[in-house]
Every structure is written in C-alpha cells, then in structure tokens.
Amino acid sequence: MEKYVCSMCGYIYDPQQGDPESGIAPGTRFEELPDDWKCPGCGAPKEQFKKMRTQ
Amino acid sequence: MNPNEIAKDIYDVGVIDWNIRDFHGYSTYQGTSYNAFLIVDEKIALIDTVKKEFSDQLLENIAKIVDPKKIDYVISNHTEMDHSGSLPRVMHKIGEDKPLYCSKMGLKNLSRHFSQKWNYHSVANSETLNLGKRTLTFLETRMLHWPDSMFTYVKEDKILFSSDAFGQHYAGHEKFDDQIGDSIMPHAKKYFANILLLYSPLILKLLEKVTELGLEIDMICPDHGIIWRKDPGKIINAYAKWSSQKPEQKAVVVYDTMWHSTETMAQEIVQGIVEEGVIARPIHIRSSHRSEIMTEVLDAAAVIVGSPTINNQLFPTVSDFLTYMKGLKPKNKIGAAFGSYGWSGESVKLINQELEAMKFDIIDSGVKIQYVPNQDGKDICLELGRKIGKAIKEIVD
C-alpha cells in the first residue's frame, strides 16, 4: 500500500498505521479515506496530499 | 535600537516595536521586537529581516557594522511578514541576485508573498552553508509554527537561531535572559499558549531530535524578545513541560454575561471549586483579552464555560473564545457548561458541542437557570463547582 505525503507540512500518511485519532483504522488505503479527512499534521485537506515516490 | 553584539562577530541587528498592541489577535501590551542576526565571517550572512515598517532601522543597524552591500547571503528562517517584510528593501539594497536561503516550503511560501524573482536556494533538512570559520546547518521545523519554518544552527558558536520558537512578545532594553531573570517567563508562557500549543506533539519530537543529534546549545536566539544565553536549558525545559500539557490543580471559569446572571453562576461555581481546595478564577471575557485567557487555559485542569443565550445563539464573545481555544487544541481538560437564559436556552447545549469536539472530559451535562439565579440555583452552581474541584483532585496530584 502506498504512502502519501502532505504537500503543506510533510506529514506522511502510512496506510499500515492509519490515523486512529480520527477513527481511521490501520490498513486503510489513502484512496479509501473520506473526502473530508484532514492532514493530522496541519489540517490541510486531502487534496494537498501526493503519492510518495518510492526510493 | 542599536545593533547588539551577541557573540564574537555575530550581531542582533533587529528592531523594537514599542507601540504594537495587537499582533493579529494577540494582545501585546508591552510591544515586541523583531530580531535579525548578522554573522560577519569570511562571508557575511543575514538571518531574517524585520517587519516592513522598520526596514530603515534594520538597514541602519546593519550599516553600523558593515556596508549592507557586502552581505553575501540572506537566510529566511520563516516566511511570516514580521520577519520577511523587509526582504524587498534588503534584497534591493544588497543586490537582487544574492542568494536567499530558505526551506523547500519557504521557497513556495515566499513566492506567494513576494513577486520578485529572487535567487532562491531552497535547502533540505541538515544541509549546510560554510561562511569561513563557521558552518551553518539548516534544520527543518515544519509547522513550528508554519510549513516553511526552519532553524539555523551554528555549531562553532553553539548558537541556535530558532525563528519564532522560544520567543516572547516583549519590548524592553534587556537583550538577554540574565538581564531580565524570571520576569520574562510569563511572556514566554503566553507566547507558547497562543502560538505553539497545538503543535505540542511536534515540539516534543523536536526536543527528542535535538537530544538525538547531540546538538550542543549555548545560546538560543529567537526572532522575538530576549536571547537565551545564560540558561537556554530553562526555556527548553519550560517547552518540554508546556508541551506535555500536564495540568495543575487549577480551573478557569470563562464566561460572558448580559445582566449579571451568568456571572453570578460563574462566581458560585468558582466558590465551589475553591471550597475543594483547588485554585479557580472567574474570567469575564469582555474584560479580558482572548490571548490572556488562553494563557490561563494552558495549565488549567478544567475549563468551565458559561454563556447567556441571545437570539438562540451563544453570546458572540463566547463563540470567539471557543473558536480560538479550539484552534489551539488544548489537551487533558475537564469541561462543563453553564448559563442563564430567558426562554430558549440553547447555550449549554452549544457549548457542550464545542467542548466535545475538543475532546474535553465533560463531567456534567451542565447547568442552566432561567433569568436571575435564586438561592436554589446558586446552590446547584456551588455543587457543580465542588464536583469539578473533586474531579480535578482525582486527576492531578
């Protein structure tokens, strides 16, 4: 599963971790996140995230 | 304000803003300062500028040390205009082709503030710049407190130029911590509570990182207020404490009132809390500034909010305060709501919704009383206060 990074603050969404504080279970792919999900780092909307380039 | 040598060949060339009283919604009764630093090595670097209105003074300060045209590099640790505002004048004076160092987000953000096509050099985390005897290391500190924020570290002098972190909105003749002593701490605390509180998890990570990297720090130079040279550990420890958001045995009862009824309730609640041996104070919103109230919220174990109901809504100043507090994400708080009302009485419900959204531990469904509280009503408020006091004693030693 691919990681996504917030282009505003650098927060990395790792699907394996999910975002439990916002009720997103581990294993949730980025595409499955609700449209109104916000970056836990800075509050930026989902649209500001970009797929992380794999090394 | 004249330039101030803070270490050999390193100068604070910033300015004092004695008269500012409102810093985008933060009350600055004692003004503030915008610090900018000049490092005179084989190459000359300027770290940050000052608010636009003070650009003359900045350039005069620099000119007292070197001809500004001799500046080789400008470093922007942070895009906000109290630090970047004089970039147009400075770059125009020293040469628009001179390199302007900033973080990757700094490059994006500066170009959305200024239209000039400067010679931007965006740096990666831990990238360095050699000035001769000294090497600067750039440390990305995204969201402390903007996406573009970074620190600049000089390892030879063990000085950390920390941008807005560790700052205080204080204008005075003192330049250093040893010249002012403990009386700077309330300013540092207010600054933290109103600007950095929501980034507490990031601050804790940053402090771990600094320990991990083994950075030796003899001096911390923030972009506002006094410089920590005698005891940088003091402000670092304070940040560790404030970021951990461990509450004290203290409650704040924040309210507004139309005919003193909600106020009467507030004072009874405070009385109940105090009777349990816990510190409490009633804070009338319109007699206070939101930034002062927030400073009291920082270490309070309980925030109890009271509002009249006006036209089925919260009294507007209470909404102002709740919005402001919500943005700062205080943690580990007990909450409850109260208010006097005339006929529809929505305020307690509306306050509870906000406190829930902030994940407060709401220990009571709240008290609402129609019009003027009689003795029974006051007794209910006193009981609520006692309940709050007991709950605080349970969670705070």
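Residues numbered from 1 in each chain as written. Chains lettered and ligands numbered in written order. Predicted model: local features only at pLDDT ≥ 70, side-chain atom pairs only at ≥ 80, totals over all residues. Heavy atoms only, no water.

**Here we look at the overall build of chain A**
Looking only at helices and strands, chain A features zero helices and three strands. Each helix (α) and strand (β) of chain A, taken in turn from the N terminus, gives the series β-β-β. In terms of overall dimensions, chain A is globule-like: its C-alpha atoms have a radius of gyration of 10 Å, near the 10 Å expected for 55 residues. Oriented by its inertia axes, the alpha-carbon framework of chain A measures out at about 25 × 20 × 15 Å. In chain A, buried positions account for 33% of the 55 residues. (Helix = DSSP H or I, 4+ residues; strand = E, 2+ residues; numbered from the N terminus. Rg over C-alpha atoms; globule rule 2.2 N^0.38 Å. Buried < 20%, exposed > 50% of the residue type's maximum accessible area, 1.4 Å probe, protein only.)

**A few points about the interface of chain A and chain B**
Counting residues at the interface gives eight residues for chain A, matched by seven residues for chain B. Of the roughly 540 Å² buried between chain A and chain B, counting both surfaces, carbon and sulfur atoms make up 49%. Counting the contacts that link chain A with chain B gives zero salt bridges. One can count zero residue pairs in polar contact (both at pLDDT 80 or more) joining chain A with chain B. (Contact = heavy atoms within 4.5 Å. Buried area = accessible area lost by both parts, 1.4 Å probe. Salt bridge = Lys/Arg side-chain N within 4 Å of Asp/Glu carboxyl O. Polar contact = N/O pair within 3.5 Å; in protein donor to acceptor, adjacent residues only side chain to side chain.)

**Brief notes about the pairing of strand β10 (residues 99-103) of chain B**
The side chains of a regular strand alternate between the sheet's two faces. Residue and element names in this part refer to chain B. With five of five residues buried, β10 lies mostly within the body of the structure. Burial along β10 is two-sided: the face carrying Pro99, Tyr101 and Ser103 and the face carrying Leu100 and Cys102 are both buried. As judged from the two bridges shared by strand β9 (residues 73-75) and β10, these two strands associate in the parallel manner. Looking at the pairing, Val74 lines up with Leu100 of β10. As defined by bridge partners, β10 adjoins strand β11 (residues 119-123) across five bridges and the pair is classed as parallel. Note on β11: the bridge partner recorded for Tyr101 is His121. Note that the unit made of β10, helix α4 (residues 104-111) and β11 has a crossover that is right-handed. (Pairing = 2+ DSSP bridges. Right-handed = clockwise from strand over helix to strand, strands pointing away.)

**Re helix α7 (residues 200-213) of chain B**
Residues and elements named next belong to chain B. For α7, which comprises 14 residues, the first-to-last C-alpha distance of 20 Å matches the rise-based estimate of 20 Å (1.5 Å per residue) to within 8%. Buried within α7 are the following residues: Ser200, Ile203, Leu206, Leu207 and Val210. Relative to the axis of α7, the buried residues are bounded by an arc of 110° and lie together on one face. In α7, the exposed positions that point more than 90 degrees away from the buried face belong to Lys205, Glu208 and Glu212. (Expected span 1.5 Å × (residues − 1). Arc of directions from axis to C-beta.)

**Topic: the sheet that holds strand β1 (residues 4-7) of chain B**
Residue and element names in this part refer to chain B. Strands sit in the order β1-β2-β7-β8-β9-β10-β11 across an open sheet of seven strands; the sheet is mixed. With one partner strand each, in any of the chains shown, β1 and β11 form the two edges of the open sheet. Taken pair by pair, the neighbouring strands of this sheet meet at an average axis angle of 25°, ignoring direction. Relative to the sheet, helix α3 (residues 87-94) contacts β8 (44-47), β9 and β10, its axis offset from that of β9 by approximately 170°. (Axes fitted to C-alpha atoms, helices over the stretch in contact; angles between N-to-C directions.)

**A word on the packing of aromatic side chains**
Given two aromatic rings, their pairing is described by the distance between the two centres and the angle made by the two planes. In total, this model carries 17 aromatic pairs over all chains according to the counting rule given. Consider the rings of Phe166 of chain B and Tyr239 of chain B, whose centres lie 4.6 Å apart with planes at 45°: the pair is tilted. With Phe166 of chain B in the loop between β15 (159-163) and α5 (177-180) and Tyr239 of chain B in helix α8 (residues 232-244), this pair connects stretches of sequence that are 73 residues apart. You'll find Phe166 of chain B and Tyr239 of chain B in the same group, each marked buried. Ring pairing ties together the aromatic residues Tyr4, Tyr13, Phe30, Trp37 and Phe49 of chain A, which thus form one cluster. Stacked on the ring of Phe30 of chain A, the Lys or Arg Lys46 of chain A has its end atom at 5.2 Å from the ring centre. One residue, Lys368 of chain B, lies across the ring of Tyr341 of chain B, its end atom 5.4 Å from the ring centre. (Phe/Tyr/Trp six-rings, centres within 6.5 Å; stacked < 30°, edge-to-face > 60°. Lys NZ or Arg CZ within 6 Å of the ring centre and 35° of its normal.)

**Description of the pairing of strand β17 (residues 250-255) of chain B**
Residues and elements named next belong to chain B. In terms of burial, β17 is largely enclosed, as six of its six residues are buried. Relative to strand β18 (residues 279-284), β17 runs parallel, the two sharing six bridges. By the bridge assignment, Ala251 is partnered in β18 with Ala280. Viewed along the sheet, the connection from β17 through helix α9 (residues 261-275) into β18 turns out right-handed. Summarising the sheet, β17 and strand β19 (residues 302-306) pair through five bridges and their orientation is parallel.

**Digging into the pattern of salt bridges**
Residue and element names in this part refer to chain B. Following the criterion strictly, the structure yields 24 salt bridges over all chains and no others. When the shortest N-O distance is used, the salt bridge between Lys390 and Glu276 registers 3.4 Å. Here Glu276 lies in the loop between α9 and β18 and Lys390 lies in helix α13 (residues 375-395), a separation of 114 residues in the sequence. Overall, Lys390 belongs to the partly exposed group, its relative accessible area being 44%. Residues Asp320 and Arg290 are paired through a salt bridge, measuring 2.8 Å at the closest nitrogen-oxygen approach.

**Digging into the nonpolar core**
Residue and element names in this part refer to chain B. By size, the foremost hydrophobic cluster in this structure holds 98 residues, and its most contacted members are Leu38, Ile235, Tyr239, Trp242, Leu322 and Met325. No other element matches the seven residues that helix α6 (residues 185-196) contributes to this core. Apart from residues no more than four positions distant in its own chain, Leu38 is found in contact with Asp9, Ile10, Tyr11, Val13, Ile44, Ala45, Leu46, Ile62, Ile65, Val66 and Ile71. (Core = buried A, V, L, I, M, F, W, Y, C linked by side-chain atoms within 4.5 Å.)

These values are about where atoms sit, not about what they do.
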